[in-house]
Amino acid sequence: MQREEVRTLGGFVWSIAEILRGDFKQSEYGKVILPFVVLRRLDCILASTKAAVLEAANSVPEGVDDATRDMILFGAVGGNVKVYNLSRFTLATLKGQDPSQLHANLVDYITKFSANVRDIFLDKFLFTDQLKRLKEGGIIWNVFERFTEINLHPDAVSNIEMGYLFEELIRRFSEISNETAGEHFTPREVIRLIVDLLIANDDTKLTGRGIIRQVYDPACGTGGMLALTEAALQEFNPSIRVELFGQELNGESFGICKSDMLVTGHDPEQIAFGNTLTQDSHKEKKFHYMLSNPPYGVDWKKYQDAIKDEVDSLGFDGRFGAGTPRISDGQLLFLQHMISKMRDDEIGSRIGIVMNGSPLFTGGAGSGESEIRRWMFEDDWVEAIVALPTDLFYNTGIQTYVWLLTNRKPDNRRGKVQLIDASGERFWRSMRKSLGSKRREIPEEARADIVRIYEGFLNGGSGEGGVAKIFDVADFGYREIRVERPLRLNFRASQERIARLADEKVFARLPDDEREEIEVVLLSMDDALFMNRDAFNKVLTKALKDEGVAIAGPVKKAILSALSERDEEADICADKYGNPEPDTDLRDHELVPLKEDWREYVAREVTPFFSDAWVDEQYIDPKDRGVGRVGYAINFNRYFFQFYRPESMEQIDKAIESMRADISDLLMEVTL
């Protein structure tokens, strides 16, 4: 079955939703249609072995524990399927029953699934609630009958094609309910690209018999990434054993994914329900391959207490020891979680994660994001980052990037990071029909081209047209140094400046009589302009002393502040040790490349323009104790910017004259 045929099937299933109009809100259609699709899929798989399963159930000895009983009945189903149903009905035989009993019969059918599926329908899909609403609306038979017309047996619709079907349905339901489709699935060509990149250089590791690989997705949705990874690995080595693990927060997506695991012979208990960031359901597990498309720009505010508690109590012994990103975006939390799952053995682990541009550069030196990047780069885990074309995803047209990480870099990649700009026209084609925000797709030949560039560790100088560049890890690092300039103030005891004292909090809190005494003294002073703070301070001190007015240090500081103004011609204000005081309004920060000595940078970029500037050498990095704060960021646009020389004025003039001539000719034709 081709993708277009799957889309046609999706259209037929979607048409059933029209029956729900009026009895259900549009945003609720998926709560009925998706579980019915899962139900029909399971029914098609189990129908042929129904008699054998019921016979096996009757022959199970009394006193047998549930696990043994399940094993016997799974055996009666045959194959790798880990689900059975003990109802006397199938959906086909239900059509021959009294329509008035359909609701009761469907409930009987659902509740007699094995526990691993029954829980999905009852707890995650809440399907019995929807069946009750269908009955009350008088449309349960109409919906049921239409679903029995669909053949969803694996011989007709493969597991990969079922993924396409769920993808199509979820996209449509998300569009009409204004939900975020991207939280549920990733376009299949993007997944294939990630998978191909993950296994590109693992030929020798995956060759032979007895190979076992464990694959993990911490935000697995309906399981598309897991399914396609398994398919790719088995295509490379048919004898490989692939174990799939995942976790998902959305109940419906979890139900679909777990159902898929059941019918494909995987252990359904390896797909966990819950929030990966607060409840690590695979706490002690490590994985060979990890891949994910975590939610973009989704805040983690309601989970922050649990996450920060883990940081405070476990540090680097936990998952988020490198730091936490801003509360508005949790992508880097997912990536840190995945890094914590890397295997510490000879094979190691590989990670592929698709994120938006924020994790590349958001946050300055010392911020949570920068510290996380620093940790990843300095531990040399980042192998490559691939910029994808825009308009690839169903819910957003933004730029996205695939990060590839490993804790087993080959020798030629150590200390290096490869950037691949696969956003250009060379790597995408327009779709004949847009699907939401998805207007482009990555064709197979472009995917192979990206993988070839990555696999060969190619550089822009190797004829790649500037789409691939290799950098040292340190090229992404910088030191943020603090540049100070001296404070220069003039002083005057004028009425205008004395009036500013009212805005000084320390002065405003004084009793009325004390404020009046001070103001009288200030008004009595000579209205002369002082260019030196020490000179003015002496005059002020004498005036207060002559009038017998005693003031505290903070009050005097407030007076000096009110009576001063910045003046480039004034003398430098010095502290009690004679050192120049910095002017915080003139303070600046310079980003010095990590490979460059900050002194040489300042001598070249700062001192020639501001000869009185100096670097605050007390502003240091808390980790390496060097001057300045270390930060890491990746600016793709800067690395791949291509300058196009603008046309000369002569060329522009000629073009204008040509257009004028064309317009004149057109006007002549009209007038004639």
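Coordinates for the structure precede this section.
Residues numbered from 1 in each chain as written. Predicted model: local features only at pLDDT ≥ 70, side-chain atom pairs only at ≥ 80, totals over all residues. Heavy atoms only, no water.

1. Structural notes on the overall build of the protein
Heads up, the condition is: Per the convention used, a helix needs a DSSP run of H or I reaching at least four residues, while a strand needs a run of E reaching at least two, with both numbered from the N terminus. When we talk radius of gyration, it's over C-alpha atoms, and the globule rule is simply 2.2 Å times the number of residues to the 0.38. Exposure is judged per residue with a 1.4 Å probe applied to protein chains only, and the accessible area is read against the type maximum: over 50% gives exposed, under 20% gives buried, and values in between give partly exposed.
A count of helices and strands for the protein gives 27 helices and 17 strands. For 672 residues, the compact-globule estimate of 2.2 N^0.38 gives 26 Å, and the protein exceeds it by more than 25% at 35 Å. With the C-alpha coordinates aligned to their principal axes, the bounding extent of the protein is approximately 110 × 75 × 70 Å. When the 672 residues of the protein are sorted by exposure, 50% land in the buried category.

2. Focus: the sheet that holds strand 11 (residues 468–472)
Heads up, the condition is: Note: two strands are recorded as paired if DSSP finds a minimum of 2 bridges between them. Axes here mean lines fitted to C-alpha atoms, for a helix over just the part in contact, with angles spanning 0 to 180 degrees between N-to-C directions.
The strand order 3-2-1-4-5-7-6-8-11 describes an open sheet built from 9 strands, whose pairing is mixed. Two strands lie at the open edges of the sheet, namely strand 3 (271–273) and strand 11, each paired on one side alone. Averaged over all pairs of adjacent strands, the angle between their axes in this sheet comes to 15°, without regard to strand direction.

3. Some words on the packing of aromatic side chains
Defined as follows: Between the rings of Phe, Tyr and Trp (Trp by its six-membered ring), a pair exists once the centres lie within 6.5 Å; its type follows the angle of the planes, with under 30 degrees stacked, over 60 edge-to-face, and the other angles tilted. Two thresholds decide whether a charge sits over a ring: the Lys NZ or Arg CZ must be within 6 Å of the ring centre and within 35 degrees of the ring normal.
Going through the model one piece at a time under the given rule, you end up with 23 aromatic pairs. On the numbers, 5.8 Å between centres and 35° between planes, the contact of Phe-121 with Phe-127 is tilted. Here the aromatic rings of Trp-141 and Phe-144 are separated by 5.5 Å at their centres, their planes lie at 55°, and the arrangement is tilted. Taken as a pair, Trp-141 and Phe-144 lie in helix 9 (residues 140–147) at a separation of 3 residues, close to a single helical turn. Judged by relative accessible area, which is 0%, Phe-144 ranks as buried. A network of ring pairs unites the aromatic residues Phe-36, Tyr-109, Phe-113, Phe-121, Phe-125, Phe-127 and Phe-147 as a single cluster. Residue placement shows Lys-124 over the ring face of Phe-273; its charged tip is 4.6 Å from the ring centre.

4. Some points on the nonpolar core
As a reminder, the rule being used: Only buried Ala, Val, Leu, Ile, Met, Phe, Trp, Tyr and Cys residues count toward a nonpolar core, and they belong to the same one when joined by side-chain atoms within 4.5 Å.
Among the nonpolar cores identified, the biggest contains 60 residues, and Phe-36, Val-37, Leu-39, Leu-106, Phe-121 and Leu-134 are the most heavily contacted of them. At 12 residues, the largest contribution of residues to this core is made by helix 2 (residues 29–46).

5. Notes on the packing of helix 2 against helix 6 (residues 102–111)
When two helices pack together, their arrangement is captured by the angle between the axes and the distance separating the axes. What counts is decided by this rule: Roughly parallel here means an angle under 35 degrees, roughly antiparallel means over 145, roughly perpendicular means 65 to 115, and every remaining angle is called oblique. Helix crossings are classified by the rotation of the near helix relative to the far one: an anticlockwise turn of less than a right angle makes the crossing left-handed, while a clockwise turn makes it right-handed. Should any heavy atoms of two residues lie within 4.5 Å, those residues are considered in contact. Lys, Arg, Asp and Glu make up the charged group, whereas Ala, Val, Leu, Ile, Met, Phe, Trp, Tyr, Cys and Pro make up the nonpolar group; the residues left over, Gly among them, are polar.
It is at 12 Å that the axes of helix 2 and helix 6 come closest, and there the two elements cross at 70°. As far as their axial angle goes, helix 6 and helix 2 are roughly perpendicular. Of the two possible hands of crossing, helix 2 and helix 6 adopt the one that is left-handed. Where helix 2 approaches helix 6, its residues Phe-36, Leu-39 and Asp-43 are matched on the opposing element by Leu-106, Tyr-109 and Ile-110. Across the contact of helix 2 with helix 6, the residue classes break down as 5 nonpolar, no polar and 1 charged.

6. Focus: unusual backbone geometry
A positive phi angle is found at Leu-126, which is not glycine, with a value near 50°. Position of Leu-126 among the secondary structure elements: in the loop between helix 7 (115–124) and helix 8 (127–136).

7. Examining the pairing of strand 8 (residues 416–421)
The buried fraction of strand 8 amounts to 5 of the 6 residues, a majority that puts the element mostly inside the structure. Pairing geometry for strand 6 (residues 382–387) and strand 8, over 4 bridges, is parallel. Pairing of Ile-385 across the sheet is with Leu-419, part of strand 8. Bridge analysis of strand 8 against strand 11 gives 5 bridges, and the strand direction is antiparallel. Directly across from Ile-420, in strand 11, lies its bridge partner Ala-468.

8. Brief notes about the side chain of Gln-336
Assignment of secondary structure puts Gln-336 in helix 16 (residues 331–339). Residue classification places Gln-336 among the buried positions, given a relative accessible area of 1%. Ignoring any residue separated from it by four or fewer positions in sequence, one finds Gln-336 in contact with Arg-319, Phe-320, Gly-321, Ala-322, Gly-323, Ile-372 and Trp-375.

9. Quick word on the environment of Asp-571
To be explicit about the condition: Under this definition, polar contacts are N or O atom pairs within 3.5 Å; protein pairs additionally need one hydrogen-donor-capable and one acceptor-capable atom, and for neighbouring residues in sequence, both atoms have to be side-chain atoms.
Inspection of the secondary structure assignment puts Asp-571 in the loop between strand 14 (564–566) and strand 15 (588–593). Relative accessible area serves as the criterion here: at 38%, Asp-571 is assigned to the partly exposed category. In this structure the C-alpha to C-alpha distance between Asp-571 and Pro-486, which are 85 residues apart in sequence, comes to 9.4 Å. The residues touching Asp-571, leaving out its near neighbours within four places in the chain, are Leu-487, Arg-488, Leu-489, Met-531 and Asn-532. Polar contacts involving the side chain of Asp-571 include one to the side chain of Asn-532, which spans 3.0 Å.

10. Looking at the state of the cysteines
A covalent bond bridging the sulfur atoms of two cysteines is what the word disulfide describes. How we decide: The disulfide criterion is simple: two cysteine sulfur atoms within 2.5 Å.
Tallied over the full model, the rule gives 0 disulfides. For Cys-220, which is in no disulfide, the shortest distance to another cysteine sulfur is to Cys-257 and amounts to 4.0 Å. The exposure class assigned to Cys-220 is buried, which follows from its relative accessible area of 4%. A relative accessible area of 0% places Cys-257 in the buried class.

11. A few points about helix 15 (residues 304–314)
Applied cut-off: As used here, the arc belongs to the directions running from the helix axis to the C-beta atoms.
The complete set of buried residues in helix 15 reads Gln-304, Ile-307 and Glu-310. Across the axial projection of helix 15, the buried residues extend over an arc of 130°, all falling on one side. Summarising the geometry of helix 15, the exposed residues directed more than 90 degrees from the buried face are Asp-305, Asp-312 and Ser-313. Residues of helix 15 that are buried make contact with helix 16.

12. Considering the side chain of Arg-41
Counted only if it meets this: The charge count treats Lys and Arg as positive and Asp and Glu as negative. His and the chain ends do not count. Every case where a carboxyl oxygen of Asp or Glu lies within 4 Å of a side-chain nitrogen of Lys or Arg is listed as a salt bridge.
Turning to its location among the elements, Arg-41 is positioned in helix 2. Although Arg-41 is buried, it makes no salt bridge; Asp-260 carries the closest opposite charge, 5.6 Å away. Only 2.8 Å separates the side chain of Arg-41 from the side chain of Asn-159, close enough to count as a polar contact.

13. A word on the pattern of salt bridges
According to the stated counting rule, one finds 46 salt bridges in the structure shown. Here Glu-371 makes a salt bridge to Arg-374, at a shortest N to O gap of 3.7 Å. Highlighted residues: Glu-371 and Arg-374, both in helix 18 (residues 368–378), separated by 3 residues, approximately one helical turn. With respect to burial, Glu-371 and Arg-374 carry one shared label: buried. Taken together, the shared-partner salt bridges connect Glu-371, Arg-374, Glu-378, Asp-621 and Lys-623 into one network.

14. Some remarks on the packing of helix 2 against helix 8
It is the contact of helix 2 with helix 8, at a shortest axis distance of 10 Å, that shows an interaxial angle of 115°. In terms of orientation, helix 2 and helix 8 fall into the roughly perpendicular class. In this structure, helix 2 meets helix 8 at a crossing whose hand is left-handed. Where helix 2 abuts helix 8, its residues Lys-31, Val-32, Pro-35, Phe-36 and Leu-39 lie against Phe-127, Gln-130, Leu-131 and Leu-134. Here the residues of the contact of helix 2 with helix 8 sort into 7 nonpolar, 1 polar and 1 charged.

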